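Examining the three-dimensional arrangement
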Amino acid sequence: MTFGRSVTSVMPSWRSVPATASTSGEEAVELAASAGLFLDPWQIDAVFDLLGEDASGRWAATSGGLICPRQNGKGSIIEALELAWMFLCDVDLIFHSAHLFATASDAYARLKLLIQNTSDLHRQVRSYSESHGQEGITLRNGKRIRFVTRSKSGGRGFPAPAWRQRCCTGCGCPMSRGGMRSATITIASGFSQEERTS
C-alpha cells in the first residue's frame, strides 16, 4: 500500500514549511498503518512536513509545531512520529512530554499497545518501563522513548540539549548522539477564550 500527499486534504489556515530535499513521511505513514494506525489526509500531510529533511539528511527544521482543536487527531500524529523516530530514523532518545502525568501515561499506553500488537515491532523491544514517573520503552538496539511531565526535573539527567518544555498537549523531541539530529516538535490545542483571559 502506498501513501502519498493528499491533493484533497483540507489546508490549514496558516502553514509554513522549510524547503526539503526529502521526507520520511511515506515510510512513517506505512509503518503506522502496519501497526493499525490509519491517518487521515491532513494528518499524513503533517507527518510528511514534520519529517522533512534537507539535502544533507538533517531535519529541515529543528522545531516544528501543529495547533488544532482538542479531540481532532493530534495524538495519532504524535504516535506516527514516535513510531518513525523509534523504528525508522537515526534517533537515539525521544522525550514525550505532557503537562499532566495522566496525559503522559495515556500516551505511553497508546504507543505501547500499537507496538505490542505488531509482532515486527514488539520483537525489537528490550523492555517496557511501567514504574510511576518512569514510563518508557527501550529497544534492543538501545533507542528509547521516555514519557515525562513538564516540570523542573521532568527531563533532568538526560543528554537532551534540544529538549524544551512546552505548554502543549504533546511534545516530542527526537535526538541522536551528539544532538546532530535534534528537533523539538510541539503539538497543541488552541486556547479557549476562558483560558486566554485566566
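Let me sum up the structure you'll find in this document. Just so you know, these numbers come straight off a predicted model, no measurement behind them. (Residues numbered from 1 in each chain as written. Predicted model: local features only at pLDDT ≥ 70, side-chain atom pairs only at ≥ 80, totals over all residues. Heavy atoms only, no water.)

**Some remarks on the environment of S97**
Heads up, the condition is: Counting from the N terminus, the helices are the DSSP runs of H or I reaching at least four residues and the strands are the DSSP runs of E reaching at least two.
Secondary-structure assignment places S97 in strand β4 (residues 93-98). The spacing of S97 and T186 is 89 residues in sequence and 9.6 Å in space, taken between C-alpha atoms.

**As for the nonpolar core**
The criterion, for reference: For our purposes a nonpolar core is just a set of buried Ala, Val, Leu, Ile, Met, Phe, Trp, Tyr and Cys residues, chained together by side-chain atoms within 4.5 Å. A simple rule labels every residue: compare its accessible area, found with a 1.4 Å probe on the protein chains alone, to the largest value its type can have, and call it buried under 20%, exposed over 50%, or partly exposed in between.
The biggest cluster of nonpolar side chains holds 44 residues, and the ones touching the most others in it are V47, L81, L83, W85, M86, I115 and I137. Here the element with the most residues in this core is helix α3 (residues 74-87); it accounts for nine residues.

**Here's the deal with the packing of helix α2 (residues 41-50) against α3**
The criterion, for reference: For helices, the axis comes from a line fit to the C-alpha atoms of the stretch in contact; other axes are also lines fit to C-alpha atoms, and the angle between any two N-to-C directions lies between 0 and 180 degrees. For classification purposes, angles smaller than 35 degrees are called roughly parallel, those larger than 145 roughly antiparallel, those between 65 and 115 roughly perpendicular, and all remaining angles oblique. In this scheme, a crossing is called left-handed if the near helix is turned counterclockwise away from the far one by less than a right angle; it is called right-handed if the turn is clockwise. Residue contacts are defined here by distance: any two heavy atoms, one from each residue, within 4.5 Å place the two residues in contact. Each residue is assigned to one of three groups, with Ala, Val, Leu, Ile, Met, Phe, Trp, Tyr, Cys and Pro labelled nonpolar, Asp, Glu, Lys and Arg labelled charged, and all others, Gly among them, labelled polar.
Two elements in contact, α2 and α3, have axes separated by 10 Å at closest approach and are oriented at 40°. One finds that α2 runs oblique with respect to α3. Here the hand of the crossing between α2 and α3 comes out right-handed. On α3, the residues touching W42, Q43, A46, V47 and L50 of α2 are S76, I77, A80 and L81. Residue composition of the contact of α2 with α3, by class: seven nonpolar, two polar and no charged.

**Here's the deal with α3**
Under the convention used in this document: Expected helix span is taken as 1.5 Å per residue step, with the number of steps being one fewer than the number of residues.
Taking 1.5 Å per residue as the helical rise, α3 with its 14 residues ought to reach 20 Å, and the 20 Å between its terminal C-alpha atoms agrees with that figure. Among the 14 residues that make up α3, 13 are buried, leaving the element largely enclosed by the rest of the structure.

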